[in-house]
Amino acid sequence: MSTPERLLLASWLLIATAAQAAGPGLGKPLSAADIAALPRSVFPDGRGLAAGRGTVSDGKVIYDAQCTSCHGIAGRGGSGGHLISDGKLTGADPDPAVNTYWPYATTLWDFTRRAMPMTAPGSLSVDETYAVTAYLLHLSGLIEADGVLDEQSLPKVRMPNRDGFDWIDAKRH
Amino acid sequence: MSEGDETSASGLLDRRLFLRRGLRWSAAIAAAPSIAIAADIPSDPTRTPGQPFSNYGQPSPQEKATIRWISANRAVAGNGVSWTPLHDLEGIITPSGLHFERHHNGVPQIDAEAHRLSVHGLVQRPLSFTIEALKRYPQRSRIGFVECGGNSNSSWNLEPLQTRAGYLHGLASNSEWTGVPLSIVLDEAGVDPAARWLVLEASDAIGMNMSLPLAKARKDCLLALYQNGERLRPEQGYPLRLIVPGWEGVLNVKWLSRIELTTEPVMSRNETSRYTELQPDGRARQFTFVMDVKSLITSPSPGHLLNEKGLYEIRGLAWSGRGKIKRVEVSADAGKTWKPAALQGPVLPMSFTRFRIPWRWDGAAATLQSRAVDDTGAVQPTRAALVAKRGRAGYFHYNAIVSWQVSEDGELSHVYA
């Protein structure tokens, strides 16, 4: 191969790899304040939970007013599906629900906060979200009727099926 | 070669037959029920000036039965699915307007100019990207399928549901997606060596959030801006969605607005309560990302009618989230004997592949099946084998062999065989 040919090939490779690896670098830096304003991911250990508190009894009031239309009285079922079940995970007719199937209580808080009620997602305050979560965990037999939930106690609630999941296409680290 | 050499007892002919000779076709497979042709079509189009131009073309009004089938929640109109009419389509590209939908709380209306993609968490440089900026990045295209993890879920039922093929298996569609390799954006942000996962989040009314392993994100994921050459449709994630080749549809997050690099998955509702599969022993499979090898006959299929004996082309689709389709075999006798179908190129990895095989119908009852094998050697299982292994409560990841029964009247129905 002649020298100019070599050079040509080298520069072509350079362009090819550059196109593969780099963009024009147009991302704008996010400041700490920008990041704080983004929605938060809520992890099973409680990272990302907003500070607040709610009681089971307040949660029942909120649930009865805002959730029964789609999930039924005490989470027993409606157009949005049931949340609470007496059933099992085995047998002829297994019946997964929040109380029988969900591995983490933090997920219940997070999903309710971002998505429920479906007609007005994001309308529950932080405290209301703790309250309705507390009520559903009470219906699950995991919190007393006079119980309170906050960002410290929620991640400590151990869901019965926490260890019931096997990872298939991902590795635990 | 005489025709006897090429025909199996079940009437399946050599897959090269149509190519070799100009065999005469039976009257085309009729769609049942047939659609009345609009009254205002001129009897002689060569004697009447045609229609004017249009800014955006539409299908012929005579094809108005080719639609997505919607099954939505009765209390929340934007919660549900719509199915691709695979039984009415040909080739491997799904028209964008017929790509299946799964929305949890409707199609958000998003101002593309105001939309931002934020990349933060375990990165050296948290960054925000506008759509205009992403358009300037190197673009890549790939043709591939997106399949909902819940596709074909009615086939777990005890009795086979009677509906069109696409309304059983059409939570799968295939497009050319174009956009920015995700790895470029991740490199620009500088991923911390401790990061293992991405948490992807959407700007929809459910705040869809899903965790994706970093290795996959780097390998082949695309920040898609275009589908089949045009900007994404709103229901496909306008202005930005992620394409995760071969993995379950729910990871292909639409309306993507935030990527957080983390050490572990976030354990969102849609990766714990849903998109996990309860097994007979009470344990659940989680992070079952790859869509396994699958195929079905799209024509003839339920709703089609064979109106006379004779030669038909059996046509279908095969795909695998693990790679390319290597082989598709077709049976006309409920799996007793199989013949290889012709694969129509291009045969692309993690993409729909069209298969075809001629079949001579002798007017007797028959059961049509297809069985796909991918280039990792994975074989599409029978329904009995799949149910024996996984039970019937898993709901997601159904990929068993599909059976259509042909009656002596030429009608097709869905059976378990």
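Residues numbered from 1 in each chain as written. Chains lettered and ligands numbered in written order. Predicted model: local features only at pLDDT ≥ 70, side-chain atom pairs only at ≥ 80, totals over all residues. Heavy atoms only, no water.

Novice: Give me the overall build of chain B: which residues, what numbers.
Specialist: A count of helices and strands for chain B gives seven helices and 26 strands. Here the C-alpha atoms of chain B give a radius of gyration of 23 Å, agreeing with the 22 Å that 2.2 N^0.38 yields for 417 residues. Classification of the 417 residues of chain B by burial places 59% in the buried group. Considering only intrachain contacts with a sequence separation of at least 6, the fraction spanning at least 24 residues in chain B is 73%. (Helix = DSSP H or I, 4+ residues; strand = E, 2+ residues; numbered from the N terminus. Rg over C-alpha atoms; globule rule 2.2 N^0.38 Å. Buried < 20%, exposed > 50% of the residue type's maximum accessible area, 1.4 Å probe, protein only. Contact = heavy atoms within 4.5 Å.)

Novice: Summarise the interface of chain A and chain B; cite the residues concerned and give the values.
Specialist: Each side of the interface is counted separately: chain A has 49 residues, and chain B has 58 residues. Across the contact surface, chain A and chain B share three salt bridges. A salt bridge links Glu264 of chain B to Arg47 of chain A, with the shortest nitrogen-to-oxygen separation between them at 3.0 Å. At the boundary of chain A and chain B, one finds 26 residue pairs in polar contact (both at pLDDT 80 or more). Of all the secondary-structure elements, those providing two or more residues to the side of chain A that touches chain B are helix H1 (3–21), strand S1 (28–29), helix H6 (105–115) and strand S4 (165–167) of chain A. By residue number, the principal contributor to the side of chain A that touches chain B is H6 of chain A, which donates five residues. Across the side of chain A that touches chain B, the residue classes break down as 29 nonpolar, twelve polar and eight charged. In this structure, S1 of chain A lies alongside strand S6 (residues 127–130) of chain B, joined through two bridges in antiparallel fashion. (Salt bridge = Lys/Arg side-chain N within 4 Å of Asp/Glu carboxyl O. Polar contact = N/O pair within 3.5 Å; in protein donor to acceptor, adjacent residues only side chain to side chain. Nonpolar A, V, L, I, M, F, W, Y, C, P; charged D, E, K, R; others polar. Pairing = 2+ DSSP bridges.)

Novice: Residues and numbers for unusual backbone geometry, please.
Specialist: Trans is the common state for peptide bonds, and a negative phi is the common state for residues other than glycine. Pro117 of chain A follows Met116 of chain A through a cis peptide bond whose omega is -10°. Assignment of secondary structure puts Pro117 of chain A in the loop between H6 and helix H7 (126–139). Of note, the amide linkage connecting Gly345 of chain B to Pro346 of chain B takes the cis form, showing an omega dihedral of 0°. Relative to the helices and strands, Pro346 of chain B resides in the loop between strand S22 (342–344) and strand S23 (353–361). Here Tyr275 of chain B, not a glycine, exhibits a phi torsion of approximately 55°, which is positive. Within the fold, Tyr275 of chain B resides in the loop between strand S14 (256–262) and strand S15 (277–278).

Novice: Give a description of the packing of aromatic side chains that names residues and reports values.
Specialist: Summed over the entire model, instances satisfying the criterion amount to 16 aromatic pairs over all chains. Arranged with centres 5.0 Å apart and planes meeting at 85°, the rings of Trp167 of chain A and Phe287 of chain B form a pair that is edge-to-face. Placement of Trp167 of chain A in strand S4 and of Phe287 of chain B in the loop between strand S16 (284–286) and strand S17 (294–299) is noted, with the two residues assigned to different chains. For the pair formed by Trp167 of chain A and Phe287 of chain B, the shared burial category is buried. Here Trp319 of chain B and Phe352 of chain B contribute two aromatic rings whose centre-to-centre distance is 4.8 Å and whose plane-to-plane angle is 40°, an arrangement assigned as tilted. Taken together, the residues Trp319 of chain B in strand S19 (residues 310–319) and Phe352 of chain B in the loop between S22 and S23 connect sequence positions 33 residues apart. Note on accessibility: Trp319 of chain B and Phe352 of chain B belong to one class, buried. Put simply, the rings of Trp167 of chain A together with Trp197, Trp247, Phe287 and Phe289 of chain B pair up and form one aromatic cluster. Over the ring of Tyr226 of chain B we find Arg231 of chain B; its NZ or CZ atom is 5.7 Å from the centre of that ring. The ring centre of Tyr416 of chain B lies 3.6 Å from the NZ or CZ of Arg383 of chain B, which sits over that ring. (Phe/Tyr/Trp six-rings, centres within 6.5 Å; stacked < 30°, edge-to-face > 60°. Lys NZ or Arg CZ within 6 Å of the ring centre and 35° of its normal.)

Novice: An account of empty space enclosed by the protein is requested, with residue identities and associated values reported.
Specialist: Residue and element names in this part refer to chain B. Enumeration over the complete set of coordinates arrives at four cavities of 30 Å³ or more. In this structure, the largest cavity occupies an estimated 220 Å³ of space. In terms of lining residues, the largest cavity is bounded by 19 residues, among which Arg102, Gly249, Val250, Asn252 and Lys254 are the most central. For the lining of the largest cavity, the residue count by class is nine nonpolar, six polar and four charged. (1 Å grid on protein atoms, 1.4 Å probe; cavity = no way out; pocket = protein on both sides within 12 Å on 5 of 7 lines; lining within 4 Å. Points joined across faces, edges and corners; volume = space filled by probe spheres on them.)

Novice: Requested: an account of the pattern of salt bridges, with residues and values cited.
Specialist: For the structure on display, the rule yields 26 salt bridges over all chains. Among the salt bridges present, the one from Asp166 of chain A reaches Arg283 of chain B, with a minimum N-O distance of 2.8 Å. Here Asp166 of chain A is found in strand S4, whereas its partner Arg283 of chain B is found in the loop between S15 and S16 on a different chain. The class for Asp166 of chain A is partly exposed, based on a relative accessible area of 33%. Between Arg315 of chain B and Glu313 of chain B there is a salt bridge, and its shortest N-O distance comes to 2.7 Å. Overlapping salt bridges bring together Asp110 and Arg114 of chain A together with Glu201, Arg258 and Glu260 of chain B as one network.

Novice: Quick rundown of the pairing of S17 of chain B? Include the residues and the values.
Specialist: Residues and elements named next belong to chain B. Within S17, six of the six residues are buried, which leaves it mostly tucked inside the rest of the structure. Here S17 pairs with S19 via five bridges, running antiparallel. Bridge pairing links Ser295 to Ala318 in S19.

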